[in-house]
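In case you want the letters, here they are:
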Amino acid sequence: MKKQVVLILLCALVLSRANAQSNIVADAGLTRIAPNIFSEKGNYYYCVSVTQRGPQNQYIPSVKAKQFEVVKIHKFTHQKVGSVIVYGDTLQADSTVLPQENYMVLKNDRLHLVFNSVYYPSAPPTSGVIRTRYVQVDTNLNILIPQKPVSIPTYIQSVSTYNGDSILITYWNYGTSGFDYSRYTILDGQGNWVKDDTLEVKPIPASNAPHQVVDVLPYPGNRYLVTGFVLPAYKRGFYIADNNLQLLDTFYLKPDSIPHNGGIGVVAHFPHMVSLPTGSIISAGNYIYQHPSQPVARFSLLAKHEAHSRFNTDVVNIYGKANPSDVAHTIAPGEHNVEYNIADNYLYFADVTNKSPNFFSCDIDYDIIEIVSADTNLNTRWHKYIQSGPDSCVWISRISVPDNRPGILVTGYTMKSSDPTDTNHFRSFAFYIDSSGAPLSVPGSTAVKLRNRIEIYPNPTKGRVQVNDIYRSDAEVLVYDLSGRILQKYRVGKHSTSVDISQHSPGIYLLKVVTIDGVIEMFKVIKE
């Protein structure tokens, strides 16, 4: 009977490894994809692959001509089905697409792509001339509309669907006093210009107070949620706009400061937002926390704002430092990192840990992405983690809702910390996580992977088992037999991460891991 149980568990482990999570981008044979573009439709994923194949720009040597192609990937096998070049086919170094300034909207089996390119006519300090292009491709990778110019005078902030097949592009502009304000351009379903206007109360106040739009999102009642900084003061807030993008009301995020564990903190930067079918709004932002006896820390904050209270902060969940070295446990500015999936009625958001305050370097021993799922009242359901490979920092690009199925898609990239200016070191990743938080990557892998906080490997084992806490905190490990008898006790941490059960007979054992912060996990281990 005992041998049968061992055999059943062994088969279950083999099956779980066969279904283990892997990097969709790498599986498809790709290296780098555009950060704002990864969508699911039917049985396929669509992304834009970025390659550097051209010469350097003669005036800006760090800028190279790039080629961009739409890639179709089977969502179950992760195999590349096909691709088509949509931009950069001439590989001219004087016209270079910015990898951060590419957007794709997938609607009605059409891929609407918007690219910003920069032309450098002379050496610095002359700035580059921005050129915006529109391309349309169908889901069979036929180019329906080759690249055509779009009149956008500056960098794009967001691209989204609008009123049927139309495309809405928001961008920042400058007032007479040098402050930012936001405008929008509407294209029809063929990429033709329809309208351009200011996205706010008109006319613009003489003070030209800062006004920056982060996102334009659907809101119940055939309205739009416009997030960012709000006039007339430099405050975090949002608009509710009608179907013609006319302002209906303005809201500031309140309160400005939120107490936490004996200290107090403020929400920094503009938060990312999503709306629920009820009209409630969920925001995810950076929370700068000050305690009288502790140094300033940066946390992540998830908040719920109810319409009946004029969107005051009604419910808050603060996600704190991962470990003592975590100086920036935060949501990266500029990336859309919170979503609501109507297919499972759950929220998902992602943040990063152990970054330097300027986000351009990291503590490579601890650098991770944290993905959290919560219900609509912000009760946490689970935490999962994306860990980079050796000598790499890891960043989140965005999270997005899959096509009519539960769970979330998470995309991002790793970069070699030894040379952060070399874009050849960028490596993109994409993972699909279902609503239960599965599947996970194979424990012990050195590639970028999706994992639980604690993982053990190898399993089965001939004796020694590695116990790895992603936070590298101290923990106690207890080894039990199936009768519940404690056989061994170990202390593990950053410098001692394994337990040895080689002295025990072949069979099934239980490993109970208790971390210093009270997390308890139980594992079944097969001793061969």
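The structure displayed is predicted, hence computed values, not measured ones.

Asks: Run through the pattern of salt bridges, naming residues and quoting values.
Replies: The final tally for this structure, using the stated rule, is 12 salt bridges. Ionic pairing is found between Lys462 and Glu528, a salt bridge with its closest N-O pair at 3.6 Å. Pair noted here: Lys462 is in the loop between strand S30 (454–457) and strand S31 (464–469) and Glu528 is in the segment after strand S36 (520–527), with a separation of 66 residues, a long-range link. By relative accessible area, Lys462 is classed as exposed at 65%. Connected through shared salt-bridge partners, Glu40, Lys75 and Arg405 make up one network.

Asks: I'd love a proper account of the sheet that holds strand S28 (residues 427–433), names of residues and values included.
Replies: Reading across the sheet, the 3 strands line up as S26-S27-S28 and stay open at both edges, with antiparallel pairing between neighbours. Every interior strand has two partners, whereas the edge strands, strand S26 (392–400) and S28, have only one. Sheet twist, expressed as the mean angle between neighbouring strand axes with direction ignored, is 25°.

Asks: I'd love a proper account of the packing of aromatic side chains, names of residues and values included.
Replies: As enumerated under the stated definition, the model contains 10 aromatic pairs in all. With 5.3 Å between their ring centres and 25° between their planes, Tyr87 and Phe115 make a pair best called stacked. In this pair, Tyr87 is assigned in strand S4 (residues 80–87) and Phe115 in strand S6 (residues 110–119), connecting sequence segments 28 residues apart. Looking at Phe115, the relative accessible area reads 1%, which means it is buried.

Asks: Can you lay out the confidence of the model for the protein for me, pointing to particular residues and giving the numbers?
Replies: Averaged over all residues, the pLDDT of the protein is 80; the fraction at 70 or higher stands at 77%. Here helix H1 (residues 2–18) stands out as the element of the protein with the lowest mean pLDDT, 43, in contrast to strand S22 (residues 338–341), whose mean of 95 is the highest.

Asks: Outline the pairing of strand S35 (residues 507–515), supporting the account with residue identities and numerical values.
Replies: In terms of burial, S35 is largely enclosed, as 7 of its 9 residues are buried. Relative to S35, strand S32 (residues 475–480) is paired through 6 bridges, and the arrangement is antiparallel. Paired with Val477 across the strands is Val513, a residue of S35. The pairing of S35 with S36 spans 8 bridges and is antiparallel. Looking across to S36, one finds that Leu511 is bridged to Phe523. Hairpin connection between S35 and S36: a loop of 4 residues separates the two successive antiparallel strands, and Gly518 in this loop has a positive phi of roughly 90°.

Asks: So what's going on with the sheet that holds strand S23 (residues 346–352)? Which residues, and what values?
Replies: The strands making up a sheet are joined through hydrogen bonds of the backbone, oriented either antiparallel or parallel. Spatially, S22-S23-S24-S25-S29 is the arrangement adopted by the 5 strands of the open sheet, whose pairing is antiparallel. On the outer flanks of this sheet lie S22 and strand S29 (449–451), each paired with one strand and no other. For this sheet, the mean inter-axis angle between neighbouring strands, taken without regard to orientation, is 20°. Two strands pair when backbone bridges link them, and S23 and strand S24 (residues 368–374) are joined in this way by 6 bridges, in the antiparallel orientation. If you follow Leu347 over to S24, its bridge partner there is Ala374.

Asks: How would you summarise the side chain of Ser275 if you had to cite specific residues and measurements?
Replies: Summarising the element assignment, Ser275 is placed in strand S18 (residues 263–275). Among the polar contacts listed, one links the side chain of Ser275 to the backbone oxygen of Pro218, at a separation of 3.1 Å. With residues up to four places along the chain from it excluded, the contact list for Ser275 reads Pro218, Tyr219, Pro220, Leu225, Ser280, Ile281 and Tyr340.

Asks: Account for the environment of Val48, with residues named and values stated.
Replies: By the secondary structure assignment, Val48 is in strand S2 (residues 44–56). Each C-alpha atom, one on Val48 and one on Gln67, is 9.8 Å from the other, the two residues being 19 residues apart in sequence. Sequence-distant contacts of Val48, that is, excluding residues within four places in its chain, are made with Arg32, Ile33, Ala34, Ile37, Phe68, Glu69, Val70 and Leu113.

Asks: Quick one: what's the story with unusual backbone geometry, residue by residue and with numbers?
Replies: Note the cis peptide between Tyr457 and Pro458, where omega equals -5°. Within the element layout of this structure, Pro458 appears in the loop between S30 and S31. Cis peptide bonds are those with omega within 30 degrees of zero, and the linkage from Asn459 to Pro460 qualifies with 10°. Turning to its location among the elements, Pro460 is positioned in the loop between S30 and S31.

Asks: I'd love a proper account of the environment of Asp165, names of residues and values included.
Replies: Considering the arrangement of structural elements, one finds Asp165 in the loop between strand S9 (156–162) and strand S10 (166–174). Given the relative accessible area of 43%, Asp165 is considered partly exposed. Between the C-alpha atom of Asp165 and that of Asp188, which follows or precedes it by 23 residues, the distance is 6.6 Å. Setting aside residues no more than four positions away along its own chain, Asp165 makes contact with Lys107, Asn108, His112, Asp188 and Gly189. A distance of 2.8 Å separates a polar atom in the side chain of Asp165 from a polar atom in the side chain of Asn108.

Procedures and definitions
- Residues numbered from 1 in each chain as written.
- Predicted model: local features only at pLDDT ≥ 70, side-chain atom pairs only at ≥ 80, totals over all residues.
- Heavy atoms only, no water.
- Salt bridge = Lys/Arg side-chain N within 4 Å of Asp/Glu carboxyl O.
- Helix = DSSP H or I, 4+ residues; strand = E, 2+ residues; numbered from the N terminus.
- Buried < 20%, exposed > 50% of the residue type's maximum accessible area, 1.4 Å probe, protein only.
- Pairing = 2+ DSSP bridges.
- Axes fitted to C-alpha atoms, helices over the stretch in contact; angles between N-to-C directions.
- Phe/Tyr/Trp six-rings, centres within 6.5 Å; stacked < 30°, edge-to-face > 60°.
- pLDDT = per-residue confidence, 0-100.
- Polar contact = N/O pair within 3.5 Å; in protein donor to acceptor, adjacent residues only side chain to side chain.
- Contact = heavy atoms within 4.5 Å.

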